[in-house]
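The chain contents come next:
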Amino acid sequence: MITGELKNKIDGLWEIFWMGGLTNPLDVIEQMTYLMFIHDLDTTDTLRAKECAMLGLPFESIFAEEVQIGTQTIDGTQMKWSVFHDFPAQKMYSVMQEWVFPFIKNLHGDKESAYSKYMSDAIFKVPTPLMLDKIVTAMDGIYEQMAKISDTDARGDVYEYLLSKLSTAGVNGQFRTPRHIIRMMVDLMQPKPDDLICDPACGTSGFLVAASDYLKENKKSEVFFNKQNKDHYMNLMFTGFDMDRTMLRIGAMNMMTHGVENPFIEYRDSLSDQNPDREKYSLILANPPFKGSLDAETVSTDLLKICKTKKTELLFLALFLKMLKTGGHCACIVPDGVLFGSSTAHKAIRKEIIENNRLEAVISMPSGVFKPYAGVSTAVLIFTKTNHGGTDNVWFYDMKADGFTLDDKRSETKENDIPDIIARFGNLKSETNRERTEQSFLVSKDEIVQNEYDLSINKYKKTEYKPVEYPPTEQIMSELRELEKQINIEMDELEQLLKQ
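Residues numbered from 1 in each chain as written. Predicted model: local features only at pLDDT ≥ 70, side-chain atom pairs only at ≥ 80, totals over all residues. Heavy atoms only, no water.

Trainee: Honestly, unusual backbone geometry in this entry has me stumped. Any pointers?
Mentor: Among all residues save glycine, negative phi is the norm, and among peptide bonds the norm is trans. Positioned with a positive phi, S205 is a non-glycine residue whose angle comes to about 70 degrees. Within the secondary structure layout, S205 lies in the loop between β3 (197-199) and α9 (206-218). You can call S205 buried: its relative accessible area is 0%. Although it is not a glycine, N387 adopts a positive phi angle of roughly 70 degrees. For N387, a relative accessible area of 48% corresponds to the partly exposed category. (Helix = DSSP H or I, 4+ residues; strand = E, 2+ residues; numbered from the N terminus. Buried < 20%, exposed > 50% of the residue type's maximum accessible area, 1.4 Å probe, protein only.)

Trainee: Even after reading the chapter, I still don't get the packing of helix α8 (residues 179-189) against α9, so can you show me in this structure?
Mentor: The relative placement of two packed helices comes down to the angle between their axes together with the axis-to-axis distance. α9 packs onto α8 with a crossing angle of 55 degrees between their chain directions and a minimal axis gap of 9 Å. As summarised for this structure, α8 and α9 are arranged oblique, according to the angle between their axes. In the packing of α8 onto α9, the handedness of the crossing is right-handed. In contact with R179, I182, R183, M185, V186 and D187 of α8, α9 contributes G206, F207, A210, A211, D213, Y214, E217 and N218. (Axes fitted to C-alpha atoms, helices over the stretch in contact; angles between N-to-C directions. Parallel < 35°, antiparallel > 145°, perpendicular 65-115°, else oblique. Left-handed = near helix turned anticlockwise from the far one by under 90°. Contact = heavy atoms within 4.5 Å.)

Trainee: So what exactly am I meant to see when it comes to the nonpolar core here?
Mentor: Note that soluble globular proteins tend to have their nonpolar side chains buried in a common cluster. Counting residues in each nonpolar core, the largest one holds 53 residues, and the members touching the most others are F17, L35, M79, F84, I104, L132 and I135. Elements represented by at least two residues in this core include exactly α1 (4-19), α2 (25-55), β1 (67-69), α3 (81-84), α4 (89-105), α6 (129-148), α7 (154-164) and α12 (245-257). Once you skip the residues sitting within four places of it in the chain, F84 turns out to touch I38, Q78, M79, M92, V95, M96 and V100. Listed in part, the 47 residues of the second largest apolar core include V186, I197, A331 and F370. (Core = buried A, V, L, I, M, F, W, Y, C linked by side-chain atoms within 4.5 Å.)

Trainee: Honestly, the state of the cysteines in this entry has me stumped. Any pointers?
Mentor: Formally, a disulfide is one covalent bond, and it connects the sulfur atom of one cysteine to the sulfur atom of another. Applying the stated criterion to the full structure yields zero disulfides. C332 supplies the cysteine sulfur nearest to C307, a cysteine that is in no disulfide, at a spacing of 13 Å. The exposure class of C307 is buried, given its relative accessible area of 1%. (Disulfide = S-S within 2.5 Å.)

Trainee: Would you mind showing me how to read the pairing of strand β8 (residues 358-365) here?
Mentor: Residues in a regular strand project their side chains so that they alternate between the two faces of the sheet. Across the eight residues that make up β8, a large majority, seven, are buried. The pairing of β8 with strand β9 (residues 378-384) spans seven bridges and is antiparallel. Directly across from V362, in β9, lies its bridge partner L381. Pairing analysis gives four bridges linking β8 to strand β10 (residues 393-398), with the strands arranged parallel. What sits directly across from V362, in β10, is F396. (Pairing = 2+ DSSP bridges.)

Trainee: Any chance you could explain the packing of aromatic side chains here in plain terms?
Mentor: The description of an aromatic ring pair rests on the distance of the ring centres and on the angle between the ring planes. Under the defined criterion, the tally for this structure stands at 13 aromatic pairs. An angle of 35 degrees between the planes, with centres 5.8 Å apart, marks the rings of F63 and F103 as tilted. Of the two residues, F63 sits in the loop between α2 and β1 while F103 sits in helix α4, which places them 40 residues apart along the sequence. By relative accessible area, F103 is classed as buried at 8%. Taking the centre distance of 5.9 Å and the plane angle of 50 degrees together, the rings of Y93 and F124 count as tilted. With a gap of 31 residues between them, Y93 in helix α4 and F124 in the loop between α5 (114-119) and α6 connect regions that are remote in the sequence. Geometry around F87 places K91 over its ring, the cationic atom sitting 4.2 Å from the centre. (Phe/Tyr/Trp six-rings, centres within 6.5 Å; stacked < 30°, edge-to-face > 60°. Lys NZ or Arg CZ within 6 Å of the ring centre and 35° of its normal.)

Listed below in structure tokens is the structure:
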């Protein structure tokens, strides 16, 4: 969550772009993203050099002493942010325009990689040396501020804050997922080194980045000290689709700066026949767009067989079931309506998940989670594709706090259910004796079926009513008479005063 001084610094940077004539929010975000990427390349390169030095491994910097840019051979170190940010404005502009930008566009050797595809049409649009100098100075201030926030994914939050500036944010139900909610879902699913992970509506690749970070933090030796697993991690593990080229470009850069060399990030309408992936992935993590309108004719027919609808939130659930291989898991965010909607399509998709697969958990989230961008009520669904049923008891959790206030300010607070959610989900055996009045409990499949597959937590939660004792009626009447007398006395006094 971006607040305080960091927020002011980003707003100040935004203003520099606007005053310099770049007024299209998409252009501003794109240019900022390029510059952040150029900065992070330097940081990552320096970090890897240190890691290799500690481990005694050979290291080849991407900023080599001799780099070929077109017909020129130049000193690669001149393109490091930490070097050129001290140059005079005119020289910095020339270096950026003539060397750095062509360099990053051709950075990835594989011309078919996600990065190469979405960087090929990238354009450097900062118009003047003075403006670039101001931007670089402002960004140095932002990075300095981010360095002080060491315990959070400040970089990811900065991306989200930048994206929140888009006037189109929220249109077609595309709500940006808060990083701590993404991280909770990844921690619940615990990705493995041999997983094939997909987000069919990936946006800035937030879920894929969080999954890669989880593996780095928790499975480091299994992933990086095993040649086969490392190759899988770098080239095959992560797949993301989206229909917005800017998002794809940002997503590809986001993955690359997090150390994943060649993710499969592609322009694709996931719900259409353009997406042939079926029975492929072992883990799907997603927050698909809600309430988006779409042309029914473009929707893949096998999805409509599960639930005939135009509602994207239902079709995406059908898609997840189709894209998962048997035994594959899914954690996704759905709007509340999916849990209790009474249309034929709503009931059909819930029945499909419960009867033919294994629904494991429904985590109801408070409506303020997506504020200040949206006040929509949502839940996390966790299920496993089995094709033969398996739903026994479904775990429900009523999340009341996520570590931030639930108003538009979203200030950090001590109340946070997320650690409790992760702990309880990891030990479901101890949940069997919980009462329906507690924050989490299990509900049998039979009971859910009897309630027409309703997955709303309020359907099963019991509310404890505490008796309230009121005084006898005679006493209340007596008090009212007394009050009336007092009012009449004071009214008489007021009347006397007005006559004087």
